[in-house]
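# Geometric and topological summary
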Amino acid sequence: MIWVDTIIQGILLGGLYALFAAGLSLVFGIMRLVNLAHGDLIVMGAYLILLLVTLLGLPPFLAAVVAMPLMFCIGWCLQKFLLNRTLGDDILPPLLVTFGLSVALQNALLEGFSADSQRLPTDVLTTASIQAGPISLGVMPLLTFASAVLVIVGLNQLFYRTELGRAFRATSDDATTASLMGIKTANIFATATGIALVIVTVAALYLGLRANFDPNIGPARLIYAFEAVIIGGLGSLWGTLAGGIIIGVAQTLGAAINPEWQILSGHIAFLLVLLVRPRGLFPRAHD
Amino acid sequence: MSYIVTTQTRASSVSAIAGILLILMLIALPFFAGRGTIQDMFFILTMLTLAQFWNLLAGYGGLVSIGQQAFVGAGAYALFALVILGGFDPVLAVALAGFAALAIAVPTAFFAFRLNGAYFAIGTWVIAEVVRLIASQWKSLGGGTGTSLPRDATRDMWFVEMIEETLGVRSAAARDILAYWIALVLALVTIGGIYWLLRTRRGLALAAVRDNIEAAKSVGVDAGRMKWMVFLTSAFGTGVAGALIYLQKARISPDAAFSVTDWTAYVIFIVVIGGIGTMEGPIIGVLVFFALQSLLADFGSWYLMTLGVLAISIMLVAPRGLWGLVSERTSLQLFPIQRRLRGGRLTTSEDQ
């Protein structure tokens, strides 16, 4: 029974990783850009929520809602004025610019908020649990997982049901032809990164509610997110959720055997998938 | 009149003479410089070595790795294991440490070459994390907290007594001087070796793969083999440099030896600021990096933030780095690898 419990906790943890990864997956799917600062942007989101909570006295969930438009603007500007200039055939500029951004952001946060670890204020919700037969499920992990599913459903709706989504798909398939059809690709890219940062805000909320965070934890979140994206297959959002779940289950199983193996077993699961299915579990026809 | 294909330019002949003078001065440095200068120079030379290998990998091989700390750490841990557990002399262990990095590099390449571009970058990072986590399980080398080199091992190191007597310095200073000389040899061998490689047919093949992989393949270049060669070479060199750095530090911990900031971020910034894909770039970059570090060392995180912002600006404004700006204006090449046709009577279509 303890194993069933461990696996269920792992699946729920996977929801958090899928939230980390969804923004990365979206941006990659549309403009083939891997943002190495993604993890640090999540941490930045967590600090923004914390700031709103402490300054305005808002509850964390409401603070996240207030933070969303702000984060959208940050993402839009970031893409429009910085990252768009790095896109092209050469893979070096986007990699090096986002890596530089990651280091700069990390240290800016360190300067602004010190290295002390922080946590969003918690209430009864964070510690409450639901008894399902012999297994008790935390409300917070359940909420995280539900949010991940909601985000992915929402993104799929956006992609396949709206005009913006059609522009996204067209740009993703062939940016040059899309721009001939009157789509301003620069703005489409900016909007995509804006939306990615709205998802980052959701991820940041759960990151801050579930555990302590400090300015240095960004890169590790980036790695989990990246692993989930690769396991799922590039550009597949449901694949990203599956990838997150695999990492989550591997980590909780590893931790159940030896607490020191938690992170390691997540990485090893990733490498195993890479060995067997180099293009991930649910790859798109082309990437 | 016959044609000659040459890479030599007048500037390169002048710089070769200046280079030899500089090398002689660097060799003699411990005879007149203080211990602080020697330590600074050690830092500059080891960072230069790391930067040259990363530049070979990313600038020439097109393999942007963020996992070079795996090889620094592997080399460093191999040094400690050989000295503490195997009873080897540290100087010999530094040379052998490269093979430990090589042993890590083979499976790393096997996994990472399945990924392209940005995914290769993060893939190497994940593997470096795996190596770090495994190293922190190595209980006989201190596990997660790390360990120190035993005092008697470093005191009785080869050549140390000789340096003590010749230069009349204490044992600690003699160890620094020894480390400095090894670092100097390593940096010179690295620069010389990479320069030699780039001038050979393999170097030409490498540049072809970097510029257009499909075209290179179509003229018979084995692109896969070039990637392996570049990756394993830089892993070996990075491992030796890592072992040397930790010979001088004499204290290791997994978090420090596998630090992505110290061994990859700094190195990337050095190469990008100086000019990626050139031999001169890392040299300029490491000098700028050292100057910035001396200026901003007291400001802690501001320093890294400045470096990050500087790297972003350079990538956007002058993607060929500081050296690129110089060579664009003056077409100066200190390490020319471009082949030029000289001699004979050149006729162009306008003449006819």
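Chain B is annotated in an unreviewed UniProt entry as Branched-chain amino acid ABC transporter permease from Litoreibacter roseus. Listed under Subcellular location (unreviewed entry) in UniProt, the entry text for chain B is "Cell membrane".

Going by an unreviewed UniProt entry, chain A carries the name Branched-chain amino acid ABC transporter permease and comes from Litoreibacter roseus. UniProt annotates chain A under Subcellular location (unreviewed entry) with the comment "Cell membrane".

Once that is clear, we can look at the overall build of chain A. Helix and strand counts for chain A come out as twelve helices and two strands. Listed N to C, the secondary structure of chain A is α-α-α-α-α-β-β-α-α-α-α-α-α-α in terms of helices and strands. Over its C-alpha trace chain A gives a radius of gyration of 19 Å, about what one expects of a compact globule, namely 19 Å for 287 residues. Out of the 287 residues belonging to chain A, those deemed buried represent 56%. Contacts in chain A between residues far apart in sequence, at least 24 positions, make up 76% of those at least 6 positions apart. For chain A, the accessible surface area stands at approximately 11600 Å², while carbon and sulfur atoms represent 66% of it. Between the mean site of the 13 positive side-chain charges and the mean site of the 14 negative ones, chain A shows a separation of 11 Å.

If you add up the space inside the second largest pocket, you get close to 1000 Å³. Forming the walls of the second largest pocket are 42 residues, and the residues nearest its centre are N216, I217 and A220 of chain A together with E129 and R132 of chain B. Going through the elements one at a time, α1 (2-31), α4 (92-113), α9 (185-210), α10 (218-232) and α12 (262-276) of chain A together with α5 (117-135), α12 (254-257) and α13 (260-274) of chain B are the ones with two or more residues in the lining of the second largest pocket. Per-class residue counts for the lining of the second largest pocket are 22 nonpolar, 13 polar and seven charged.

Further remarks concern the pattern of salt bridges. Residue and element names in this part refer to chain B. Under the definition given, this model contains four salt bridges over all chains. Here D255 and R132 are joined by a salt bridge, their closest N and O atoms 3.1 Å apart. Here D255, found in helix α12, pairs with R132, found in helix α5; they are 123 residues apart in sequence, far enough to count as distant. Overlapping salt bridges, with partners in common, bring together E129, R132 and D255 in one network.

Residue and element names in this part refer to chain B. Going through the model one piece at a time under the given rule, you end up with 29 aromatic pairs over all chains. When the ring of F289 is compared with that of Y303, the centres are 6.4 Å apart and the planes differ by 45 degrees; the resulting orientation is tilted. With F289 in helix α14 (residues 280-296) and Y303 in helix α15 (residues 301-317), the pair connects residues that are 14 residues apart, well separated along the chain. Per residue, the accessibility class of F289 equals that of Y303, and both read buried. Site record: aromatic cluster; members linked through ring pairs are F43, Y266, F289, F290 and Y303. Positioned above the aromatic ring of Y246, the side-chain terminus of K249 is 5.8 Å from the ring centre.

Looking now at the side chain of T86 of chain A. Position of T86 of chain A among the secondary structure elements: in the loop between α3 (60-82) and α4. Within the local environment of T86 of chain A, its side chain forms a polar contact with the backbone oxygen of L83 of chain A, the two atoms lying 2.6 Å apart. Discounting chain neighbours no more than four positions away, the residues touching T86 of chain A are L33, P93, P94 and V97 of chain A together with L316 of chain B.

Moving on, we get to the pairing of strand β1 (residues 129-132) of chain A. Residues and elements named next belong to chain A. Across four bridges, β1 lies against strand β2 (residues 135-138) in antiparallel orientation. Looking at the pairing, Q131 lines up with S136 of β2. Between β1 and β2, which pair antiparallel one after the other, the connecting turn spans two residues, and G133 there sits at a positive phi close to 65 degrees.

With that settled, consider empty space enclosed by the protein. All names here are of chain A. Throughout the structure, instances matching the rule amount to one cavity of 30 Å³ or more. G23, V27, N35, H38, L41, L78, T193, A196, L197 and V200 together form the lining of the largest cavity. For the lining of the largest cavity, the secondary structure elements donating two or more residues are α1, α2 (38-56) and α9. The leading source of residues in the lining of the largest cavity is α9, at four residues. Each residue belonging to the lining of the largest cavity can be placed in one class, and the counts come to six nonpolar, four polar and no charged.

The next thing to look at is the confidence of the model for chain A. Reading fine detail from the predicted coordinates is not recommended where pLDDT is low. Mean pLDDT over chain A works out to 91, with 98% of the residues at or above the 70 mark. Averaged pLDDT values for the elements of chain A fall to 73 in helix α5 (residues 124-127) of chain A and rise to 96 in α3 of chain A.

Attention now moves to the UniProt feature "transmembrane region" (unreviewed entry) in chain A. Residue and element names in this part refer to chain A. Per the UniProt record, "transmembrane region" (unreviewed entry) is annotated on residues 6-29, 41-58, 95-115, 135-159, 188-209, 229-249 and 261-278. Within residues 95-115, the helical portion is 90% and the strand portion 0%, while the C-alpha atoms at the span's ends are 26 Å from each other. End C-alpha to end C-alpha, residues 229-249 measures 16 Å, and it is 81% helix and 0% strand.

Reading the values: the criteria
- Residues numbered from 1 in each chain as written.
- Chains lettered and ligands numbered in written order.
- Predicted model: local features only at pLDDT ≥ 70, side-chain atom pairs only at ≥ 80, totals over all residues.
- Heavy atoms only, no water.
- UniProt positions renumbered as here; feature names shortened; annotations may be inferred.
- Helix = DSSP H or I, 4+ residues; strand = E, 2+ residues; numbered from the N terminus.
- Rg over C-alpha atoms; globule rule 2.2 N^0.38 Å.
- Buried < 20%, exposed > 50% of the residue type's maximum accessible area, 1.4 Å probe, protein only.
- Contact = heavy atoms within 4.5 Å.
- Areas by Shrake-Rupley, 256 points an atom, 1.4 Å probe, with all protein chains shown as cover.
- Lys, Arg positive; Asp, Glu negative; His and termini not counted.
- Charge placed at Lys NZ, Arg CZ, Asp CG, Glu CD.
- 1 Å grid on protein atoms, 1.4 Å probe; cavity = no way out; pocket = protein on both sides within 12 Å on 5 of 7 lines; lining within 4 Å.
- Points joined across faces, edges and corners; volume = space filled by probe spheres on them.
- Nonpolar A, V, L, I, M, F, W, Y, C, P; charged D, E, K, R; others polar.
- Salt bridge = Lys/Arg side-chain N within 4 Å of Asp/Glu carboxyl O.
- Phe/Tyr/Trp six-rings, centres within 6.5 Å; stacked < 30°, edge-to-face > 60°.
- Lys NZ or Arg CZ within 6 Å of the ring centre and 35° of its normal.
- Polar contact = N/O pair within 3.5 Å; in protein donor to acceptor, adjacent residues only side chain to side chain.
- Pairing = 2+ DSSP bridges.
- pLDDT = per-residue confidence, 0-100.

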